[in-house]
Amino acid sequence: MEPGLSIESGSAIRVAVLPVGGPIPPPRLREYAALVARHARVDLASLRTYYAEHQKSPFQHQPWETGCLRLKFVLGGCVPSPWEDFQSSRKVLAVIGICHLPSSPDLDRVAADFIDAARSYPSALANRCFAFCPTDAQLSGKKRDDIIMFPPSDQQSLELHMLTMIQDLAASLLMEFEKWVLRAESTGTILKTPLDSQSSLGSEEVIKAKKRRLGRAQKIIGDYCLLAGSPVDANAHYTTAIELTRLTGDVFWHAGALEGSVCALVVDRMGQSDPVLEDEVKYRYYTIIQLYRRATLQDNAQRVSPVSFELEAALKLARYLCRQELAKEVSDLLMGAADGAKALIDASDRLILYIEIARLFGTLGYKRKAAFFSRQVAQLYLQQDNAYAAMSAMQVLTMTTNAYHVQSRKTMKMNHDLSKSIVSLFESQWSTLQMVVLREILMSSIRAADPLSSWSAAARLLRSFYPLITPAGQSGLASSLANSADKLPTGTRCADPCLPFIRLHSFPLHPSQRDIVKRNPHKKEWWTGAGPSGPFIYTPFSKAGASGTSKQEVSWIVGEPVQVMVELANPCSFDLVVESIYLSVHSGNFDAFPVSVSLPPNTSKLVLLSGIPTKVGQISIPGCIVHCFGVITEHLFKEVDCLLLGAAQGLVLSDPFRCCGSSKFKSVNFPSISVVPPLPLLVANVVGGDGSILLYEGEIRDVLITLTNAGTMPVEEANVALLGKNQDSVISIAHSTWKSALPIKPGGEVTFAVTLRAWHLSSADLETDGSRSPANSRRIAREGINPFLDIHYAGPAASLENGDVSLPPGRRLVVPLNICVVQGMRLVRARLLSMEIPARFTETHLKPVSGKDINLLKIDPYKGSWGLRLLELELFNPTDVVFDVDVAVHLDDADVDQEVISEGDAACHKTRIDRDYSARVLIPLENFKLPVLDASFFVKESSSDEPLGSRAAAVAERNAKAELNASINNLISKIKVKWHSGRNSSGELNIKDAIQAALQASIMDILLPDPLTFSFKLAKNGTVINDDSSKDSGSVLRCKDPISAHEMTHMEVQIRNNTKEIIQMNLSISCKDVAGENCFDENSATVLWAGVLSDIHLEVPPLQEVIHPFCMYFLVPGDYSLQAASVIIDATAVLRARAKAESPDEPILCRGSPFHIRVVGTA
């Protein structure tokens, strides 16, 4: 059998193309052979120049205008067929020699070699020897008829020269065909086939042969007419041959003649689509197949069987009908031919048959059947024990990989075809068959000594079917990969990846790479509205689709390293050593850094791959470059994504990442990456550590922040803004410091101060801190509650080639102020205390009092305090530092020494509290009383039923409450508890809530003054002595001599009305000694007096004072106490409310504080 046969094959003239002379370089040989093969069709009209008719041509119907000669060039020649007499198209009718003169300078030797080569083809009717690239000496030498030289020239000239030579050759063949036909018609010839040579030539056989000779001769004449390009003449001879062979019973030659007539019919109507012609061809060819089958049955006992012609006829008809509309009929023909392969004796015939069947099934689109018969071809090749057969088997099996979806990646188009192939692989479900195909490719490539193909097959087998391969088989494939790699040169690349499986995990962008801000040249403050309001690039509360695209955009900067996180999985049972892995970038503007990884069996690992962008432009990273098992391969992320998609849909045997223990992971969309020019890079450092800034509650501290330019471009403009929560904790930022440092050169730095004040912790914060361990509760700043510095900066503008100015993007730096507020000085409790301190007359107390001597604990010695209230604060220090506590009270402006002096904070001495110690501080509340007792503080609900009256009462009540609350807040705000610790740590304790809770029950008694206040004054000779140093009615009056016994002491009592109404009262003055006895008792009086001391009726105007004078004569030296009391006549509702009277008839008594007097004796 011969490959590539068709119905038209009978009209092709076989020409052997043989290389002669010295060795020809393969590229040159291919070039020369292609130059010859271009002229496989030679028009008859072009042969008239070279054609010479010596006698009348036997081709009476030669189509000189439309006909042509068909040449079939066989490079390297072929073995003469024993069936040449049966079909003339099998003969080599011409020989062309090709010589490369630079390697064969001896022309005589070339001519001799060509003659020797042409002797192998005795059927050749014309010979030509073409010599290429002759030297000048060879061209100028004697012209030779046996060698045709092709001088060096351009391609068009060579083709024209070759066309001329081929036309000359075709004309020679045409004339030889005419001679042969004329000779055969006149003398006849004896034609035999291998079938005839095996028959015993008895008398009957000789007679039968003579009868058959004429019919066979007509058939061969028809063959030469067909070769000469005259299908009409050929058809006439074939018709005669058909009739003669039918009459003589020559079945085999009958089939051959009928087959020749079909060829002449098809050639005559070449290019015409005629259904009638098609039906005629089918009818005749089915007859031909039946005739060949009958001939086979007749000659079944012979060693040579003509079954190959039956199969060839079936293949020719199948090729003629091969189109989708007749697929069923063509498939039946091919399957019938495949069944006949068993009758073929020669293995090479079966090989050719399977090749043709596979080709036709592939043309028809039946890829699986084509792949099946291709595997049969490969099996026949593998039965031969030589490397060339193994190479052929490997190549044939490689062609089947597309049908079985195990093809090499290099045969696929990237992107679309890759994903389509992966999905087809999932849907094929041919796991066992696919493994067999890959194993056969592996075996054939090993026998063919092709290490790269064997490595590729083993890699595909291991990567795609590792779940179906035993651990021993996996180790064997790993050994095969290693052995193949040892035979390959270092750095060999393969299109098919092996292990590990690699998928894209994430893009761990540094904040400096994430916060790239585009600059608007028409906007001076380009940073406004250019970035997120927080320190993070993404917030889950942002509006979806705000960016206008679902694909994330990432900007990388030239010269700054970047990272991409990938996950590697080794699902096999052996240790996997990845010699190097790095990102695959085809754009040429990225330098990737390789890393080595070791993966134990059935494990996965996250790996950070880094690199540096080198040029401005777009970057696409389709996957990774892996050097493993001695070969470099490219692993695509998209391929693994398709694999995981198939695993999720149940189409894949196993998920390599899940079987390695990796958690379920959502695929990551690869962002759009663009590289921008070099930018400045500011790195912030909080002096003293980048951890939490530990501040005690209320502490004020300066924090130094250093900005260093770690980039290659200077910082020429910058903006520092404050964002985040608790912005009021930042008191000030030294903007002038960093502005004066601009521009910041590469490597330069600037340090500026930020003043912080710790906020007060809430009760929830205190509970949270209390639930933590002591080691962590003071050092961890809570996320989301701290302010941060939002710094936008940019470098210089870049100049373009056309003279325009390009603004490179700016950057955003977020400097979080990680403030960790902890409870420092702790207020344990606050409570209200009451004390009675009588006034004293001593030499010290009689001195004048100046405004500068006002002290927190100063009590008017001439007034005393009958119900002094003190606020006690108990403080505890739970920290590991020492606190100095100052308790200060902010006083109102006081008129002292006729000058208005604005008093600041009047404070007591500092109190130092050590670690784990507590202290108590007393704060008198006498200075906080209101000057006037107002009726608005005692508004009661109106009993009126009128709506308007109820509404007015409600408004009045609200106003009263608001005024009272304002007074309470004013009182609390005047008390400050400040602390200092160390050299620069200070703060204020939050005591507002504690004081308010402590004073809640007695706030009215603290704020509201008594309706009447009493004070005693001394006078000399009945005249009040006023000290020029004080004009206040409540100031102390000084006398020159102390109070002595047995002297008349002039005194007066001052009664002040603290209300806005006139008060009528009955005043009484009492005096008691140290034993508490009444000194005015008539029976045992120790003090004599002059004036009225009881039942004194007085009327005091609103907010004014009245004075009642009297004299006292002390008989006995000692300590005495004076006290004034009064009963208010016709008390108003305000007075009754202040006295908390329970009934309207209850008398209202006002009593002053005791006034202590020390009386000295006389000498």
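Residues numbered from 1 in each chain as written. Predicted model: local features only at pLDDT ≥ 70, side-chain atom pairs only at ≥ 80, totals over all residues. Heavy atoms only, no water.

### Quick notes on the environment of valine 921
In step 1: Along the polypeptide, valine 921 turns up in strand S38 (residues 918-924).
In step 2: Between the alpha carbons of valine 921 and leucine 870 there is a distance of 9.6 Å; along the sequence they are 51 residues apart.
In step 3: The contact partners of valine 921, leaving out residues within four places of it in the chain, are Leu871, Glu872, Leu873, Leu875 and Val887. (Helix = DSSP H or I, 4+ residues; strand = E, 2+ residues; numbered from the N terminus. Contact = heavy atoms within 4.5 Å.)

### Topic: the side chain of serine 444
In step 1: Tracing the sequence through the fold places serine 444 in helix H16 (residues 431-447).
In step 2: By relative accessible area, serine 444 is classed as buried at 0%.
In step 3: Contacts of serine 444, omitting those with residues within four sequence positions, involve Leu382, Ala390, Ala393, Met394 and Leu397. (Buried < 20%, exposed > 50% of the residue type's maximum accessible area, 1.4 Å probe, protein only.)

### Digging into the pairing of strand S17 (residues 623-628)
In step 1: Among the six residues of S17, six are classified as buried, and the element is accordingly described as predominantly covered.
In step 2: As paired strands, strand S12 (residues 576-584) and S17 are joined by six bridges and run antiparallel to one another. The residue bridging serine 584 from the neighbouring strand is glycine 623, located in S17.
In step 3: By the bridge criterion, six bridges tie S17 to strand S18 (residues 631-636) in an arrangement that is antiparallel. Among the inter-strand pairings, cysteine 628 is bridged to a residue of S18, identified as valine 631.
In step 4: Taking the residues between adjacent antiparallel strands as the criterion, S17 and S18 are bridged by two residues, where phenylalanine 629 takes a positive phi near 55°. (Pairing = 2+ DSSP bridges.)

### A look at the sheet that holds strand S29 (residues 810-816)
Across a sheet, paired strands are connected by hydrogen bonds in the backbone, their directions being either parallel or antiparallel.
In step 1: Here we have four strands laid out as an open sheet, ordered S9-S29-S26-S23, and antiparallel in their pairing. Looking along the sheet, the strands with just one partner apiece sit at the ends: strand S9 (516-517) and strand S23 (717-724).

### A closer look at the pattern of salt bridges
In step 1: Applying the stated rule across the entire model yields 37 salt bridges.
In step 2: Taking the shortest distance from any N to any O, the salt bridge between arginine 323 and glutamate 278 comes out at 2.4 Å. With arginine 323 in the loop between helix H10 (307-320) and helix H11 (327-339) and glutamate 278 in helix H9 (residues 275-298), this pair connects stretches of sequence that are 45 residues apart.
In step 3: In this structure arginine 323 comes out as partly exposed when scored by relative accessible area, which is 34%. (Salt bridge = Lys/Arg side-chain N within 4 Å of Asp/Glu carboxyl O.)

### Points about the packing of helix H12 (residues 347-364) against helix H13 (residues 367-382)
To describe two helices that pack against each other, one gives the angle between their axes and the distance between the axes.
In step 1: Orientation of H12 relative to H13, taken along the N-to-C sense of each, is 160°, at an axis distance of 8 Å. If you check the angle between H12 and H13, you find them roughly antiparallel. Seen along the crossing, H12 lies across H13 with a hand that is left-handed. Of H13, the residues touching H12 (which contributes Ala347, Arg350, Leu351, Tyr354, Ile355, Ile357, Ala358, Phe361 and Gly362) are Lys369, Ala370, Phe373, Ser374, Gln376, Val377, Leu380 and Tyr381. (Axes fitted to C-alpha atoms, helices over the stretch in contact; angles between N-to-C directions. Parallel < 35°, antiparallel > 145°, perpendicular 65-115°, else oblique. Left-handed = near helix turned anticlockwise from the far one by under 90°.)

### Description of unusual backbone geometry
In step 1: Here the bond from leucine 499 into proline 500 is cis, since omega is 0°, no more than 30 degrees from zero.
In step 2: Position of proline 500 among the secondary structure elements: in the loop between strand S7 (493-494) and strand S8 (501-506).
In step 3: Across the junction of leucine 742 and proline 743, the peptide omega takes the value -10°, indicating a cis bond.
In step 4: Here proline 743 shows up in the loop between helix H21 (735-740) and strand S25 (749-757).

### Thoughts on the packing of aromatic side chains
In step 1: Going through the model one piece at a time under the given rule, you end up with 24 aromatic pairs.
In step 2: Both rings, one in phenylalanine 130 and one in phenylalanine 150, keep their centres 5.3 Å apart while their planes meet at 75°; by these two values the pair is edge-to-face. On the criterion of sequence distance, the pair formed by phenylalanine 130 in strand S5 (residues 126-132) and phenylalanine 150 in strand S6 (residues 148-150) is long-range, its members being 20 residues apart. Judged on exposure class, the residue phenylalanine 130 and its partner phenylalanine 150 are both buried.
In step 3: Here the aromatic cluster, defined as three or more aromatic residues joined through ring pairs, consists of Trp83, Phe86, Phe252, Trp253, Tyr292 and Phe309.
In step 4: In this arrangement the basic side chain of lysine 219 is found over the ring face of phenylalanine 86, its NZ or CZ atom lying 4.7 Å from the centre.
In step 5: Geometry around phenylalanine 657 places arginine 503 over its ring, the cationic atom sitting 4.2 Å from the centre. (Phe/Tyr/Trp six-rings, centres within 6.5 Å; stacked < 30°, edge-to-face > 60°. Lys NZ or Arg CZ within 6 Å of the ring centre and 35° of its normal.)

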